[in-house]
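Structure at a glance
Chain by chain, the residues:
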Amino acid sequence: MQNKAIVLVGPTGSHKTQLATVIARKFNGAIINADAFQVYQEIKIGTNKTDANQLKPVPIYNNDCISIFAEWSIKHFQTYTQQLLLDLLNKKQLPIIVGGSNLYVDALIYQYDLNFAKRNEQFTELSNEELFAKLSVLDPLRAQKITSNNRSRLIRALQLLMGGHQLTKRSQSSLQYLVIVCDYHSRSELYEQINHNVEKMFKQGWVDEIKHLLEQYPYEQLCNLNAFKAIGYREILQALHEGIEPDVAKIAQKTRNYAKRQQTWNKHHYPDAIYFWQDNRDDILEQVKQFLHGN
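So, here is what we can say about the structure in this document. Computed from a predicted structure; not experimentally measured. (Residues numbered from 1 in each chain as written. Predicted model: local features only at pLDDT ≥ 70, side-chain atom pairs only at ≥ 80, totals over all residues. Heavy atoms only, no water.)

As a further point, take the overall build of the protein. Regarding its fold elements, the protein presents 13 helices and eight strands. Here the protein holds 295 residues, and the buried ones make up 47% of them. Of the contacts made within the protein by residues no fewer than 6 positions apart, 78% connect residues no fewer than 24 positions apart. Here the protein displays about 15500 Å² of accessible surface, and carbon together with sulfur accounts for 49% of that area. (Helix = DSSP H or I, 4+ residues; strand = E, 2+ residues; numbered from the N terminus. Buried < 20%, exposed > 50% of the residue type's maximum accessible area, 1.4 Å probe, protein only. Contact = heavy atoms within 4.5 Å. Areas by Shrake-Rupley, 256 points an atom, 1.4 Å probe, with all protein chains shown as cover.)

Strand order in the open sheet formed by six strands is 3-2-4-1-7-8, with parallel pairing between adjacent strands. Unpaired on one side and paired on the other, strand 3 (60–61) and strand 8 (274–276) mark the two borders of the sheet. The sheet contact formed by strand 2 (residues 29–33) and strand 3 spans two bridges and is parallel. Residue pairing across strands places Ile 31 opposite Ile 60, the latter belonging to strand 3. Relative to the sheet, helix 1 (residues 16–27) contacts strand 1 (4–9), strand 2, strand 4 (94–99), strand 7 (176–182) and strand 8, its axis offset from that of strand 4 by approximately 175 degrees. (Pairing = 2+ DSSP bridges. Axes fitted to C-alpha atoms, helices over the stretch in contact; angles between N-to-C directions.)

Where a protein is soluble and globular, its nonpolar side chains tend to be buried together. With 58 residues, the main nonpolar core has Tyr 40, Ile 43, Ile 97, Trp 206 and Phe 228 as its most contacted residues. Sorting elements by how many residues they give to this core places helix 3 (residues 74–90) first, with six residues. Ranked by size, the runner-up nonpolar core spans 24 residues in total, among them Ala 20, Ile 23, Ala 24 and Leu 178. (Core = buried A, V, L, I, M, F, W, Y, C linked by side-chain atoms within 4.5 Å.)

Right, let's talk about unusual backbone geometry for a bit. Residue Pro 57 is reached from Lys 56 by a cis peptide bond, and omega for that bond is 5 degrees. On the secondary structure map, Pro 57 appears in the loop between helix 2 (52–55) and strand 3. Its identity is not glycine, yet Asn 62 carries a phi of approximately 60 degrees, on the positive side. Structurally, Asn 62 is set in the loop between strand 3 and helix 3. A relative accessible area of 6% means that Asn 62 is categorised as buried.

What follows concerns the packing of aromatic side chains. Tallying each qualifying case throughout the model produces seven aromatic pairs. On the numbers, 6.4 Å between centres and 45 degrees between planes, the contact of Tyr 110 with Tyr 112 is tilted. Since its relative accessible area comes to 10%, Tyr 112 is described here as buried. One aromatic cluster is present, formed by Phe 202, Trp 206, Phe 228 and Tyr 233 through successive ring pairs. Looking at Lys 4, its charged tip hangs above the ring of Phe 291, at a distance of 5.2 Å from the centre. In this structure, Lys 26 is placed above the aromatic ring of Phe 27, and the distance from its NZ or CZ to the ring centre is 5.9 Å. (Phe/Tyr/Trp six-rings, centres within 6.5 Å; stacked < 30°, edge-to-face > 60°. Lys NZ or Arg CZ within 6 Å of the ring centre and 35° of its normal.)

And the structure:
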C-alpha cells in the first residue's frame, strides 16, 4: 500500500462517496474530499455534503471544516492535501481522493504548478467594469465574448494575455494512483438520478438553509462569496431577494449540464481509469485489491 492512493471521480449523483466508503472500510482507508464547495460549513444541503457521522469509523478530510468567509482555493487545497497524503501513508492508511471538482483532483495527482495563482492579487482591487475595460484595450475581440459581470472569466482572460499562465505539471508524482470513474450505463439514468437529487434537496430544506443565511448577512455580501458559486445557491439567493419562487427545473438543468461537462473531462483526462457502472462493485473491489498488493 506504500505510496499508493485511490482516486474516485465522476459526475454529480454517481455515488462516488458511497463506493469510497466501501473501499475505505475494506482496505483501511481515509476519504479526502476534493469538492470545491463541500468544504464550507454553512452550506450543506445544496452541496449534497456527506455527514461524517454516517461514515464512521472512516475519517473524512476537507469536509465541512471552514467558514464561507474563510479563504479557500485550489492552491490551498493542493498544499494542504499534499501533506495530508503523506501523513495518511505514514499511518498505513489508504488515501481515497473523492472529487466532483476535477481541477482539484488534477492539481493533486498531476502536480500542477499553481504559483501563477498569486498573480490574481493584481486584479483584486479592480471592479468588474475596470477589468472589462482593461481587457477591451488588450483584446477587444476576446472582451466581446465575455459579459462585463463575469469576474472569473475576465480575470482568467487577463492572466492569459499578461503572461500565458497555463496550468503545467511540476513533475511526475511519487505516488501511484488508481483512478476509478463512477458513472452510469446511460446518460438518461444519470439525469434521472440528478433530477431526483435536486428535488430531494429542496424537500430537505435547501431554501430555508439559504434564507437563514440571508437573515444574518446582507444579500450583496453572500452573492459575492466563492461558496455561492455552487450550483443553485446564487439562483435561490436571488429568488429570495426578489421575493419569487426558485426555479427548480432550471437548477436541475444546470446540474445536468455540469454533469455532462464532468463526463467529458473524465473521458479525456483519465485514459487509464477503470469504470464503476453502479452494478460492478465486486469487480472494482478486486481491482483495487490487485492494485494495492501488486508491484
